[in-house]
Amino acid sequence: MKLKTLLVGLTIPLVGYAQSFEMKNQTLADQDNRPAPCHPVPHARQILWNETEFYAFFHYGMNTFTGQEWGFGNENEATYAPTQKPNPEQWVKAVKAAGMKGGIAVVKHHDGFCLWPTATTTHSIARAGNANGREANIPELFAAASQKHDMKYGFYISPWDRNSAHYGKDTYVSEVFLKQCEELAKYGNEQFEMWFDGANGGDGYYGGEGGSRSIDNSIYYDTPNLRARVHDLAPNCVLWGVGGEARWIGNESGFAGETCWAMTDYNKGASGGRAENGDENGWFWNPGESDAKATNNGWFWHQGESMKSAERLFQMYLETVGRNATLILNCPPDRRGLLPDNTVDELKKLGKMLHERLAVPVFGMDETTAATDLAKSATIEATEVRTGNSYATDMLTDDNKDTYWATNDATREASITLTWDEPQTLRYLQLMEPIQLGQRIKKFTIEYSADGTTWKRLCPVMETTTVGYKRIIPLNGSTSDSYGEGYRATKLRINILDSRACPLLSNLSVY
Ligand code: FUL
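Description of the structure in this document. (Residues numbered from 1 in each chain as written. Predicted model: local features only at pLDDT ≥ 70, side-chain atom pairs only at ≥ 80, totals over all residues. Heavy atoms only, no water.)

A few words now on helix α9 (residues 223–233). Quick reminder: α-helices carry 3.6 residues per turn. Residues three or four places apart thus point the same way. Looking at α9, one finds that the buried residues are Thr-223, Leu-226, Arg-227, Val-230 and His-231. Buried residues along α9 cover an arc of 120° about the axis, so they all sit on one side. Exposed positions of α9 whose direction lies more than 90 degrees from the buried face are Pro-224 and Asp-232. (Buried < 20%, exposed > 50% of the residue type's maximum accessible area, 1.4 Å probe, protein only. Helix = DSSP H or I, 4+ residues; strand = E, 2+ residues; numbered from the N terminus. Arc of directions from axis to C-beta.)

Quick look at the structure:
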């Protein structure tokens, strides 16, 4: 009886949160001796999402014209009047030059104003103040530009709607919000993420009724139904935040914890306790996304807007993408519906840095100017290689995320040593786990040797605990001044000291 109750209790959240708990062949029956997955493991769409790594956020809409950050919902639609025809293709090209792989356009913020003509409300561009506004269907143009430039894309649709008379009632969810999500899901089934902010309730215009509406985020939006309906139309679209398939990293400053698990414990709240760190024992695959501003002011464009420096943005990249989170970097278009020149320029500088320091492929940059991956010219040896054909250390440098180095099942500690014939200058170490088999590594250290016999510890002040989808360690231990002089070395050693199951690594790069 007790067991039955327990099983029922277990089944509900697992189904609800789209986890894959499929049993794989276990070691003895499997001739390839494939390591068993260490649960929880991501859904295939969550793996694809993780591979997007670095993408843009475009906050643009009614607030761009009122100068506000949170519109009340009573704005006259005619206030939305771009001085030129908005050009999302310019946005997409600018962020591609920064090494980004996609973007999310805000097409409805909390004020409820929709940047596409929709059957669900009159508070939309259909009543914009000029033809530039009325004729630019932003999701349609953004989707087309992203497809043309081979960039992933998705939309931010605020669940909280301060304009709608229905908000707070059941009719809002069934007749407005779900329908809007479905309308947007139809702008291309290759969308990678829908962004559902957690801000909700409180006061608003609410169709003229005003007052305050309070809802319970965890049940009001009928999330299981929302997930099913969006996934029918866009199967690889991860529903962020309220959707429960990826989590907020817990701050808007552009950093994840040095320890960062992709799992959370739902019992500790929607973010699963400390969102910056995740939870080693969490039941849900709920990976972290860090939303941060490239500018110094609000999420929306404001007069006199200035950009953060490329060096500061590079630091954010190291502290998010380099710590097993994704980075969604906000670049707000102005009243012309264009990214300002200073944004475009700084993004270009960032792209150059990522390319020259970490070999990030950047459109328009020559491969010969990319950082050299020194792991490819090293002899790599491990203290142990799993019995079987395909788990040797050469899997670490074959540029294939599906192949990996592995140890035998009982092993929790192992070292990997890279040796070069000539001394090399080392600055960054990048490691990746094959997350389709779960996140495993709990602790590691890094050492180098200049003469090949004596060893010195690198970056002892950083927590070198988790790896996950991707970990990038600046070897001098500083993310703000990471490039520096580097270390002259003939050997580099990574010592894995603990792991949730036998350790696996799919990639090892050194720059
Ligand atoms: C927040 C919103 O309330 C902000 O306005 C912004 O859209 C940010 C990305 O998410 O929670």
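Another point: the packing of aromatic side chains. The relative placement of two aromatic rings is captured by the distance of their centres and the angle of their planes. Across all of its chains, the model carries 30 aromatic pairs by this definition. With a centroid separation of 5.8 Å and an interplanar angle of 55°, the aromatic rings of Phe-57 and Tyr-156 are classed as tilted. Taken together, the residues span a long stretch of sequence, with Phe-57 in strand β1 (residues 54–58) and Tyr-156 in strand β3 (residues 152–157) at a distance of 99 residues. On the basis of relative accessibility, which here comes to 2%, the residue Tyr-156 falls in the buried class. Between Tyr-60 and Trp-91, the ring centres sit 5.8 Å apart and the planes meet at 65°, which makes this aromatic pair edge-to-face. On the criterion of sequence distance, the pair formed by Tyr-60 in the loop between β1 and α3 (62–66) and Trp-91 in helix α4 (residues 88–96) is long-range, its members being 31 residues apart. For Trp-91, a relative accessible area of 1% corresponds to the buried category. Three or more aromatic residues joined by ring pairs make a cluster, and in this case those are Phe-58, Tyr-60, Phe-65, Tyr-80, Trp-91, Phe-113, Phe-142, Tyr-153, Phe-155 and Tyr-187. One residue, Arg-357, lies across the ring of Phe-314, its end atom 4.7 Å from the ring centre. The ring of Tyr-483 carries Arg-427 above its face, with NZ or CZ at 4.0 Å from the centroid. (Phe/Tyr/Trp six-rings, centres within 6.5 Å; stacked < 30°, edge-to-face > 60°. Lys NZ or Arg CZ within 6 Å of the ring centre and 35° of its normal.)

Spatially, the five strands line up as an open sheet ordered β13-β15-β20-β17-β18, and their pairing is antiparallel. Looking at the sheet topology across the chains shown, the edges are occupied by β13 (379–382) and β18 (456–457). Bridging between strand β17 (residues 441–449) and β18 involves two bridges; their strand directions are antiparallel. What sits directly across from Tyr-448, in β18, is Lys-456. (Pairing = 2+ DSSP bridges.)

Before going further, it helps to examine unusual backbone geometry. That bond from His-39 to Pro-40 is cis: its omega, 0°, falls within 30 degrees of zero. If you trace the backbone, Pro-40 turns up in the loop between α1 (2–16) and α2 (44–52). Phi angles above zero are rare outside glycine, and Ala-359 is one such case at about 60°. Mapped onto the elements of the fold, Ala-359 is located in the loop between α11 (341–358) and β13. Its identity as a non-glycine residue notwithstanding, Asp-399 has a phi of 60°, on the positive side. One can find Asp-399 in the loop between β13 and β14 (405–406).

The subject of this paragraph is the pattern of salt bridges. What the rule picks out here adds up to 20 salt bridges. Notably, a salt bridge pairs Glu-356 with Lys-352, separated by 3.3 Å at the nearest N-O pair. Here Glu-356 and its partner Lys-352 are both found in helix α11, four residues apart, which amounts to about one turn of the helix. Among the residues examined, Glu-356 registers a relative accessible area of 36% and is labelled partly exposed. (Salt bridge = Lys/Arg side-chain N within 4 Å of Asp/Glu carboxyl O.)

In short, shape yes, function no, at least from these values alone.
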